[in-house]
Structures are given as structure tokens and as C-alpha cells.
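Understanding the architecture of this molecule
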Amino acid sequence: MDHPITSLYRDSFPDFARLVRRMGGSLEQAKDSFHDALLIYLEKEKAGTLHLHSTPKAYLLGTARICWLQTLKNKPSMPLPDTLEQSPDQPESREMEENLLRSLLRTGKKCLHLLKAFYYDNSSMQDIATRFGFNGSRSATVQKYKCLEKLRNEIKTELCAAN
Amino acid sequence: MRSELNEIQLIDRYLFRQLSTEDTQTFEASLMANGPLAERVEAQRITHRLVRLFARKEHLRRFEAIYQQLLQEPAFARQLKSTT
């Protein structure tokens, strides 16, 4: 059986692609904006802030349309929560973040997966311990902080090298 | 846990606004007086941003895989073709 996202994709994307074409955009642009909208949909659903006034498809089409209009104005479509927003006096460019992430993917991929499971997927420590092969949730918690330390140190080193 | 990891835990609680008002004020006073600590806080904030960026890229990769899978379905591919 299909994953719900696959069904939603199959049901919604052709309509959105048609809309973007009518407005002079390409299939590739439609796909990028649709994927941004899917991401917003999933993140809101997970956070419990998805308030649907209509069907998931209608929500997705409306969000994708806004994302597409924003890309025309070159504005980012997915703001981060306030707590993690960059401070105004220490701007990190998108490009710098991409470079840093590439570097972390080379040296700390397992840590990225572990931290993603904890902070983004909100998996329980017990689930994380099982998935990553740790000896219980206590051990997973310590490993989480060790990973934060490792990635944080690498970021500091990269930023120093860049300056 | 060793003290460095306890500090990372404290910084996390600060970044995710889990400290009481009083503890937040105390922590922010430490930040003003302790440059290396402020640097560690900033690096930890960036780490969290990168974890989020990584997670989003993983989602986008999955969406692309779904798209490629759906393109194999004649009805879906036909609908897309009719939009061009």
C-alpha cells in the first residue's frame, strides 16, 4: 500500500504543475515549489500546527503556490523557529551553511543522523538506542551530547579557517 | 557526564528556551562575561541549524524518489505531459 505522502503527491502534483505552466513556469520549478510545500506540510503536521480548513490537497496546492510566488521574488520559503534563527549581527549565508554541511557529511554523517533522529524526528532515546546500537537510553543521551560537541567543534574549526 | 557535556546540555536548554527566566538571565550574564562560552553557544546554534538543513535535504531526496517512482506510472506521466 502507498505511503500517504505518495498518494497525496500523485493526487496533487499534476494539478499544481498545470497551474505553474499556465503562469509561465516550468515543470522543474513546479516540482521544487511542490517539494517545499510538502516539507512545510510534514513539519507542521509533526509539530501539531497543521490546521486544515479544507483537504490536505487544497492546503498543499495553496502552500505550493505561495512557495512558487516566493521563489520568483527570491525569498526563502521556510523560515526556522525563532530560537534557532541566526542572530542579526552574525549572519551565516546560505552558501556558508551548505559548505559547512558538506564538510560535516564527510566527517560526521553518523552524528548528523543521530542528531536528526533526536531533534528533528523527535524519536525517543530508547528508539534511538535500538536503531544506533547503543546500550540503553542513558548511553544514547551521552552519545547525543558527544555528537553535538564533535559537530560543534568541527564547525568552529571550519569557521576559523574561513576567516 | 563530564562537565563539557553538562555545559552542552545547558546550552541546549538555553537555545530551546527551556530555562526559567531567572536561569536565562544568569546564563545571559555569563555570556556577556565569557567570550569563549558565547562562541560555543553560537557554534551550537549553527549545529542545530545544520541538523535541520540536513533533515530537510533528506526529505527532499525522498520526495524526488517518490516523483521518479510516480513517473513510472503511465497515468501520472500522461497527466504531466498534458500540462506542457
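Please refer to the structure higher up on the page.
The following refers to the structure shown.

Rules and cut-offs
Residues numbered from 1 in each chain as written. Chains lettered and ligands numbered in written order. Predicted model: local features only at pLDDT ≥ 70, side-chain atom pairs only at ≥ 80, totals over all residues. Helix = DSSP H or I, 4+ residues; strand = E, 2+ residues; numbered from the N terminus. Buried ≥ 20, exposed ≤ 12 C-beta atoms within 10 Å, placed from the backbone. Contact = placed C-beta atoms within 7 Å. Nonpolar A, V, L, I, M, F, W, Y, C, P; charged D, E, K, R; others polar. Core = buried A, V, L, I, M, F, W, Y, C linked by C-beta atoms within 7 Å. Expected span 1.5 Å × (residues − 1). Axes fitted to C-alpha atoms, helices over the stretch in contact; angles between N-to-C directions. Parallel < 35°, antiparallel > 145°, perpendicular 65-115°, else oblique. Left-handed = near helix turned anticlockwise from the far one by under 90°.

Take the overall build of chain A next. Check the secondary structure of chain A and you find 7 helices and 0 strands. Of the regular secondary structure in chain A, the N- to C-terminal order runs α-α-α-α-α-α-α. The burial tally for chain A puts 25% of its 163 residues in the buried class. A fraction of 55% describes how many contacts in chain A between residues 6 or more apart in sequence connect residues 24 or more apart.

For the rest of this paragraph, the subject is the interface of chain A and chain B. Taken together, the contact between chain A and chain B spans 37 residues of the former and 36 residues of the latter. Counting only elements with at least two residues in the side of chain A that touches chain B, the list comes to helix H1 (4-22), helix H2 (27-47), helix H4 (94-107), helix H5 (109-120) and helix H7 (137-162) of chain A. By residue number, the principal contributor to the side of chain A that touches chain B is H7(A), which donates 9 residues. Taken together, the residues of the side of chain A that touches chain B break down into 22 nonpolar, 4 polar and 11 charged.

Next up on the list: the nonpolar core. Counting 23 residues, the largest nonpolar core has Cys111(A), Leu114(A), Leu115(A), Cys147(A) and Leu151(A) as the members making the most contacts within it. For this core, the secondary structure elements donating two or more residues are H4, H5 and H7 of chain A together with helix H1 (3-15) and helix H3 (35-71) of chain B. In this structure Leu151(A) touches Leu104(A), Gly108(A), Cys111(A) and Thr47(B), once residues within four positions along its chain are discounted. Leu38(A), Leu60(A), Ala64(A) and Cys67(A) belong to the second-largest nonpolar core, a separate cluster that totals 17 residues.

The next subject is H7(A). Here H7(A) contains 26 residues, and its C-alpha end-to-end distance of 37 Å stays within 8% of the 38 Å for a straight helix at 1.5 Å per residue. Buried within H7(A) we find Ala140(A), Gln143(A), Lys144(A), Cys147(A), Leu148(A), Glu149(A), Leu151(A), Arg152(A) and Ile155(A). Looking at the buried positions of H7(A), the neighbouring elements they touch are H4, H5 and helix H6 (125-132) of chain A together with H1 and H3 of chain B.

The subject of this paragraph is the packing of H1(B) against H3(B). Residue and element names in this part refer to chain B. Closest axis-to-axis distance for the H1/H3 pair is 10 Å, and the angle between their directions is 65°. Our classification of the angle between H1 and H3 gives roughly perpendicular. As H1 packs across H3, the resulting crossing turns out to be right-handed. Two secondary-structure elements touch here, H1 through Ile-8, Ile-11 and Leu-15 and H3 through Arg-40, Val-41, Gln-44, Arg-45 and His-48. For the contact of H1 with H3, the per-class residue count stands at 4 nonpolar, 2 polar and 2 charged.

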